[in-house]
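Coordinate inspection notes
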Amino acid sequence: MQLFYAPDITPPLYTLSEEESKHCVRVLRLGRGDTLHITDGRGNLFCCQITDDNPKRCTVRVTTTQAQWEPLPYRLVMAVAPTKNADRFEWFLEKATEVGVSAIVPLETEHSERRVFKPERAGKVITAAMKQSLKAYRPELHPLTPFREAAARPFDGRKFIAHCAPALSPAGKIYLPATLRKGEAALVFIGPEGDFSAEEIAFACANGFEEITLGTQRLRTETAAVVATVMASVANAGQ
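Residues numbered from 1 in each chain as written. Predicted model: local features only at pLDDT ≥ 70, side-chain atom pairs only at ≥ 80, totals over all residues. Heavy atoms only, no water.

The protein chain is annotated in an unreviewed UniProt entry as Ribosomal RNA small subunit methyltransferase E of Alistipes onderdonkii. UniProt's Function (unreviewed entry) comment on the protein chain is quoted here verbatim: "Specifically methylates the N3 position of the uracil ring of uridine 1498 (m3U1498) in 16S rRNA. Acts on the fully assembled 30S ribosomal subunit." (UniProt positions renumbered as here; feature names shortened; annotations may be inferred.)

A few points about the packing of aromatic side chains
Scanning the model with the defined rule gives five aromatic pairs in all. Judged by centre distance (5.6 Å) and plane angle (55°), the rings of Phe-89 and Phe-92 are tilted. Residue Phe-89 and its partner Phe-92 are both found in helix H2 (residues 86–99); the two are separated by three residues, about one turn of the helix. Assigned by exposure class, Phe-89 and Phe-92 land together as buried. (Phe/Tyr/Trp six-rings, centres within 6.5 Å; stacked < 30°, edge-to-face > 60°. Helix = DSSP H or I, 4+ residues; strand = E, 2+ residues; numbered from the N terminus. Buried < 20%, exposed > 50% of the residue type's maximum accessible area, 1.4 Å probe, protein only.)

Some points on helix H7 (residues 221–235)
The end-to-end C-alpha distance of H7, which contains 15 residues, comes to 21 Å, matching closely the 21 Å that a straight helix rising 1.5 Å per residue would cover. Residues of H7 that are buried include every one of Thr-221, Glu-222, Ala-224, Ala-225, Val-226, Ala-228, Thr-229, Met-231, Ala-232 and Ala-235, and no others. Buried residues along H7 sit against strand S6 (76–80), H2, strand S11 (174–175), helix H5 (176–179) and strand S12 (186–190). (Expected span 1.5 Å × (residues − 1). Contact = heavy atoms within 4.5 Å.)

A closer look at the environment of Leu-176
Mapped onto the fold, Leu-176 is located in helix H5. In this structure the C-alpha to C-alpha distance between Leu-176 and Pro-7, which are 169 residues apart in sequence, comes to 34 Å. Apart from the residues within four sequence positions on either side, Leu-176 is in contact with Phe-160, Ile-212, Thr-213, Leu-214, Ala-228 and Met-231.

Let's talk about the sheet that holds strand S3 (residues 35–39)
Working definition: the strands of a sheet are paired by backbone hydrogen bonds and lie parallel or antiparallel to each other. Ordered by their spatial adjacency, five strands build an open sheet running S1-S3-S4-S5-S2, and the pairing between neighbours is mixed. Where the open sheet ends on each side, the last strands, each with one partner, are strand S1 (3–5) and strand S2 (13–15). Going across the sheet, the axis of each strand differs from the next one's by a mean of 40°, ignoring polarity. Inspection of the sheet shows strand S4 (residues 45–52) paired to strand S5 (residues 59–66) by seven bridges, in the antiparallel sense. Bridge pairing in S5 places Ile-50 opposite Val-60. Relative to S1, helix H1 (residues 18–27) is tilted by about 170°, and along the sheet it contacts S1, S3 and S4. Strands in contact with helix H3 (residues 119–132) are S1 and S3; relative to S1, the strand with the most contacts, it is inclined by about 150°. (Pairing = 2+ DSSP bridges. Axes fitted to C-alpha atoms, helices over the stretch in contact; angles between N-to-C directions.)

Some points on the UniProt feature "domain: Ribosomal RNA small subunit methyltransferase E PUA-like" (unreviewed entry) in the protein chain
The UniProt record marks residues 16–62 with the feature "domain: Ribosomal RNA small subunit methyltransferase E PUA-like" (unreviewed entry), using the residue numbering of this structure. The distance from the first to the last C-alpha atom of residues 16–62 is 12 Å, and the span holds 21% helix and 36% strand.

See the structure below:
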């Protein structure tokens, strides 16, 4: 299946952007009468037939529409501090989209080494990963958000913070896969290379966050974020 992304698609006829038209006609060598699929990123999957194979303005006719195509059976929001090396954070965006994530919140923390975030570039990475992994839902990308603002927001689900410092709770840290339950919404905070500050951890705990561990290994920020995403996927397997 060849999947294209068009958030503004309206049946029955739709003309792909010049970039997507070129990819369709020149790269994939699709022509008039061939079939392709388009998603609006909101769960709708449109089966289309090419009616005009112009490489600058390829036009298709929608033949069938599937609503809520293969939705994620749980809600996962990953709030992660962008890494100093932008490529590493983009690697996380790509892999999290492939595995399954509902939304991504770039966090600005006390120890953040990168405080400039380019949403346009990050959005392109997410879109490419969505198309490559054949998903009809595009993860929501939030703007760079200060830690306290993100931690204080209401969330209808469980909230977790992963950190390397000793636990504040007498119960200690919970191993994420051991506490996640199928179908529940989860918000997971992953800190920067220098970890969250003691004040940030205390603030999160005061706002209903549960302290978690991802295991005994020492992980980079982007690796920890992907590991948490995979753990949530495994916990929800079989749904």
